[in-house]
Amino acid sequence: MHAMDEHDHSESTLRRQAEAEEDLRQRMAPSMELLDAIPLANAQRMLHELRVHQIELEMQNEQLRQSLEELDAARARYFNFYDLAPVGYVTVNEAGLIVEANLTSTNLLGVTRETLLGQPFSRFVLKTDTDDFYLHCKQALETGEPHACELRMVRHDGTQFWARLEAVVVQEAAGGLAYNVVMSDISARKQAELALAESEDRFRLFMDNLPAAAFITGEDSAMQYANRYVEKVLGTRAWLGKTPAELFSPEFSARVVASDRRALEAGKLVTEEQVLHRDGQSRLYEVHRFRIARQGKPFLLGAVGLDITERKQAEDQLKKLTATLEDRVDKRTQQLRRISAQLTMTEERERRFLAEDLHDNLHQYLFAIKLRLGLLRPDSPQSSFDQIMEMVAQADHAARTITQQLSPPILHTLGLVPALEWLVGEKQRLFGLTVHFNHDACLKCSRPFTEEVQASLFRSVRELLVNVARHAGVSEARLSCACDNALTRLVVSDNGCGFDAAGTDGVWPVQDSFGLAHIYERIVAIDGTMDIVSSFGNGTTVTLTIPHSVITKESQPS
């Protein structure tokens, strides 16, 4: 708008000058009488001169028109370059007043050009930044070179924005000095810088307060960043740019470089490393390395080291405590087994006492009754006599049977093998089960059995033979006893119906295992083992194994 106003003013001035020139020509034009008095030759020469002068004027007029067009184009370019520039241009005189401003500057400051011209430039500078503005002007004046500064400015409506000012001192036409100032809005950049500074500050605070060592190295393992924890560990900030070879011993440096290479190849790596602190204390660290990829740049390697010295010490103490507890549990288990064996012996003694009591009392009473009944009068009914005698005989037989079942005296007097021979006969008599007993290898063994072991083995074999008689569906079974220098084995087998023992893993439910769980507990209580091989339709084989070391240990007094 400013350039167009100047163009209209120039055209009106030229019009007035042309009208004045026309009036002057009319007053100076010669009269017809004077023209008639001029000779023809002179008149022709004058006409020629006038025509030439006319052509010159026309040519000058064309040149003037072209100059005006060029001037208009220059004014348009100036308008586009100055008024429509993406930055604000203002000219400030020595008094600090704005004497020239483009449209962008008026838009930045929120005022019209008419309002802006003649205003102090400092009016639009935030008061707290005014000193920076005056210092900026002073430096530009002293150096005579362009000078830039960044400060906060205030618009006409009171809103603030960050601006970058670039000023240069120029000479005015009137002889004074002025400042040509280029003004650009950098609020977005400042906000980004502030956000970046806040982010960097948060990162720095986080890393410096991190209770672990954190650092970044290049592909050559040279230090590029480390937090304050690393500074405390190493005792200096002289590690930046240095390689492990410059910071650590050759042996430790070689391990660090090797770990870095492995981490770069694999992408991540966890190691445990002993690190010597500046106070001379060696600490154990768990170091997590991870590769950091950068677009078009070499990889970096990040690492975080956690001090696990106390944790390792606690783990070692826990292992020692666990071993101690396991030892205590083992000792307690041995004690419980001894107690179990003692309970077994106590039970066996009680059975023996019961058997002796039945023998010494019930049997004697029945015998006395039998004698007395034999003294009945002859006139007593024979049938009554016979019935009483039969009942007494049955009671006597039952008492003897109970005595033998509870604790056969032969087990305590002659030992395990004779007791098993008696048991084989009993099963034949009671169940009709023929048991083929092979004990030649056991008779050759001179190692004595303790009462606990004899009682446990005898009861286990008795229950196994009862299982065969009741559940196997056969009339024959096999029993073998073998003894060597290390082990004693008792094997009970049959060719009966069998059962699925493959999925039991040595654990049998009590309700459907035909007493196998009780037998297993009894054998394990004396440190023995029980193995079962069985399947449907293929019979069952049960092997009881007792190590002689247990027999010897159990036989020693506690």
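Residues numbered from 1 in each chain as written. Predicted model: local features only at pLDDT ≥ 70, side-chain atom pairs only at ≥ 80, totals over all residues. Heavy atoms only, no water.

K.L.:
With reference to specific residues and values, describe the packing of helix 14 (residues 416-431) against helix 16 (residues 451-472).
P.N.:
Relative orientation of the contacting elements helix 14 and helix 16 amounts to 25 degrees, with a least axis distance of 11 Å. Taken as axis vectors, helix 14 and helix 16 run roughly parallel relative to one another. Relative to helix 16, helix 14 is oriented so that their crossing is right-handed. Contacts between helix 14 and helix 16 involve Leu416, Ala419, Leu420, Trp422, Leu423, Lys427 and Phe431 from the former and Gln454, Leu457, Phe458, Val461, Arg462, Leu465, Val466, Ala469 and Arg470 from the latter. By residue class, the composition of the contact of helix 14 with helix 16 is 12 nonpolar, 1 polar and 3 charged. (Axes fitted to C-alpha atoms, helices over the stretch in contact; angles between N-to-C directions. Helix = DSSP H or I, 4+ residues; strand = E, 2+ residues; numbered from the N terminus. Parallel < 35°, antiparallel > 145°, perpendicular 65-115°, else oblique. Left-handed = near helix turned anticlockwise from the far one by under 90°. Contact = heavy atoms within 4.5 Å. Nonpolar A, V, L, I, M, F, W, Y, C, P; charged D, E, K, R; others polar.)

K.L.:
Can you explain the sheet that holds strand 9 (residues 282-294)? Please cite residues and give values.
P.N.:
Backbone hydrogen bonds hold the strands of a sheet together, and the pairing may be parallel or antiparallel. One open sheet accounts for 5 strands, arranged 7-6-10-9-8; its pairing is antiparallel. At either end of the open sheet lies a strand with only one pairing partner, and these are strand 7 (223-226) and strand 8 (268-276). If you compare each strand with its neighbour and ignore which way they point, the axes differ by 25 degrees on average. Where strand 6 (residues 213-217) and strand 10 (residues 297-307) come together, 5 bridges link them in antiparallel fashion. Bridge pairing in strand 10 places threonine 217 opposite leucine 301. (Pairing = 2+ DSSP bridges.)

K.L.:
Could you give an account of helix 14, naming the residues involved and the relevant values?
P.N.:
Quick reminder: α-helices carry 3.6 residues per turn. Residues three or four places apart thus point the same way. The terminal C-alpha atoms of helix 14, which comprises 16 residues, lie 22 Å apart, in line with the 22 Å expected from a rise of 1.5 Å per residue. Every buried residue of helix 14 is listed here: Leu416, Val417, Ala419, Leu420, Leu423, Val424, Glu426 and Lys427. Buried residues of helix 14, seen end-on, are gathered within an arc of 170 degrees and therefore sit on one face of the element. (Expected span 1.5 Å × (residues − 1). Buried < 20%, exposed > 50% of the residue type's maximum accessible area, 1.4 Å probe, protein only. Arc of directions from axis to C-beta.)

K.L.:
Describe in detail the packing of aromatic side chains, supporting the description with residues and values.
P.N.:
Scanning the entire structure with this criterion turns up 5 aromatic pairs. With a centroid separation of 5.0 Å and an interplanar angle of 85 degrees, the aromatic rings of phenylalanine 248 and phenylalanine 252 are classed as edge-to-face. Residue class for phenylalanine 248 comes out partly exposed when judged on its relative accessible area of 24%. One aromatic cluster in this structure is built from Phe121, Phe133 and Tyr134. For the cation-ring pair, arginine 291 lies above phenylalanine 299, with the distance from its terminal atom to the ring centre recorded as 5.1 Å. (Phe/Tyr/Trp six-rings, centres within 6.5 Å; stacked < 30°, edge-to-face > 60°. Lys NZ or Arg CZ within 6 Å of the ring centre and 35° of its normal.)

K.L.:
Explain the side chain of serine 259 to me, using residue names and the numbers behind them.
P.N.:
Position of serine 259 among the secondary structure elements: in helix 10 (residues 250-266). Look at serine 259 and you get buried, because its relative accessible area is 7%.

K.L.:
Pulling in residues and values, what's your account of the sheet that holds strand 13 (residues 487-494)?
P.N.:
Taken together, the 5 strands give an open sheet; going across it, the order is 11-12-13-15-14, and neighbouring strands pair in mixed fashion. Strands at the two margins of the open sheet, each flanked by one partner only, are strand 11 (434-438) and strand 14 (529-534). Each strand axis lies, on average, 15 degrees off the axis of its neighbour in the sheet, ignoring direction. Taken strand by strand, helix 16 contacts strand 11, strand 12 (476-483), strand 13 and strand 15 (540-547), and its axis lies near 10 degrees from that of strand 13. Helix 17 (residues 516-525) rests against strand 14 and strand 15 of the sheet, and its axis sits at about 145 degrees to strand 14.

K.L.:
Any details on the pattern of salt bridges? Residues and values, ideally.
P.N.:
If the charged atoms of two oppositely charged side chains come close together, the side chains can form a pair. Using the criterion set out here, one finds 23 salt bridges in the structure. The closest approach of N and O atoms between glutamate 142 and lysine 138, which form a salt bridge, is 4.0 Å. In this pair, glutamate 142 and lysine 138 are both assigned in helix 6 (residues 130-143), 4 residues apart and thus about one turn of the helix distant. With its nearest N and O atoms 2.6 Å apart, the salt bridge here joins arginine 283 to glutamate 310. Linking arginine 283 in strand 9 with glutamate 310 in helix 11 (residues 309-374), this pair joins segments that are 27 residues apart in sequence. Assessed through its relative accessible area of 11%, arginine 283 is described here as buried. On the basis of relative accessibility, which here comes to 44%, the residue glutamate 310 falls in the partly exposed class. Among the charged side chains, a salt-bridge network with shared partners connects Glu150, Arg164, Glu166, Arg189, Lys190 and Glu193. (Salt bridge = Lys/Arg side-chain N within 4 Å of Asp/Glu carboxyl O.)

K.L.:
Would you mind going over the nonpolar core in detail, with residue names and values included?
P.N.:
Counting 35 residues, the largest nonpolar core has Leu416, Leu420, Leu457, Val461, Leu479, Leu490 and Leu544 as its most contacted members. With 8 residues, helix 16 is the single largest residue contributor to this core. With near-sequence residues (within four places) excluded, leucine 457 lies in contact with Leu416, Phe449, Leu490, Ile523 and Ile546. Judged by nonpolar contacts, the second largest core, of 25 residues, contains Val90, Val111, Ala167 and Tyr179. (Core = buried A, V, L, I, M, F, W, Y, C linked by side-chain atoms within 4.5 Å.)

K.L.:
Tell me about the environment of phenylalanine 252, and name the residues and values.
P.N.:
Structurally, phenylalanine 252 is set in helix 10. A relative accessible area of 10% places phenylalanine 252 in the buried class. Spatially, the C-alpha atoms of phenylalanine 252 and glutamate 273 are 8.9 Å apart, while their sequence positions differ by 21 residues. Ignoring any residue separated from it by four or fewer positions in sequence, one finds phenylalanine 252 in contact with Glu273, Gln274 and Val275.

K.L.:
Lay out the pairing of strand 9 in plain terms, naming residues and giving numbers.
P.N.:
Bridge analysis of strand 8 against strand 9 gives 9 bridges, and the strand direction is antiparallel. Within strand 9, the position partnered with threonine 271 by the bridge is valine 287. Here strand 8 hands over to strand 9 after 5 residues, with glycine 280 in that stretch at a positive phi of 90 degrees. Pairing of strand 9 with strand 10 involves 9 bridges; the strand directions are antiparallel. Looking at strand 10, one finds that arginine 291 is bridged to leucine 301. With antiparallel pairing between neighbouring strands as the criterion, strand 9 and strand 10 make up a hairpin whose turn holds 2 residues, including glycine 296 at a positive phi of roughly 70 degrees.

K.L.:
Tell me about the pairing of strand 4 (residues 160-171), residues and numbers included.
P.N.:
Relative to strand 4, strand 3 (residues 147-154) runs antiparallel, the two being bridged by 8 bridges. Bridge pairing in strand 4 links methionine 153 to phenylalanine 161. Two successive antiparallel strands, strand 3 and strand 4, enclose a turn made up of 5 residues, where glycine 158 displays a positive phi of approximately 95 degrees. In this sheet, strand 5 (residues 177-185) lies alongside strand 4 in antiparallel orientation, the contact comprising 9 bridges. Directly across from arginine 164, in strand 5, lies its bridge partner serine 184.

K.L.:
I'd like to hear about helix 10, residue by residue, with values.
P.N.:
When the terminal C-alpha atoms of helix 10 are compared, their 24 Å separation across 17 residues agrees well with the 24 Å that a helix rising 1.5 Å per residue should span. Tucked inside the fold, the buried residues of helix 10 contact strand 6, helix 9 (244-247), strand 8, strand 9 and strand 10. A positive phi of about 100 degrees marks glycine 267, the residue just after helix 10.

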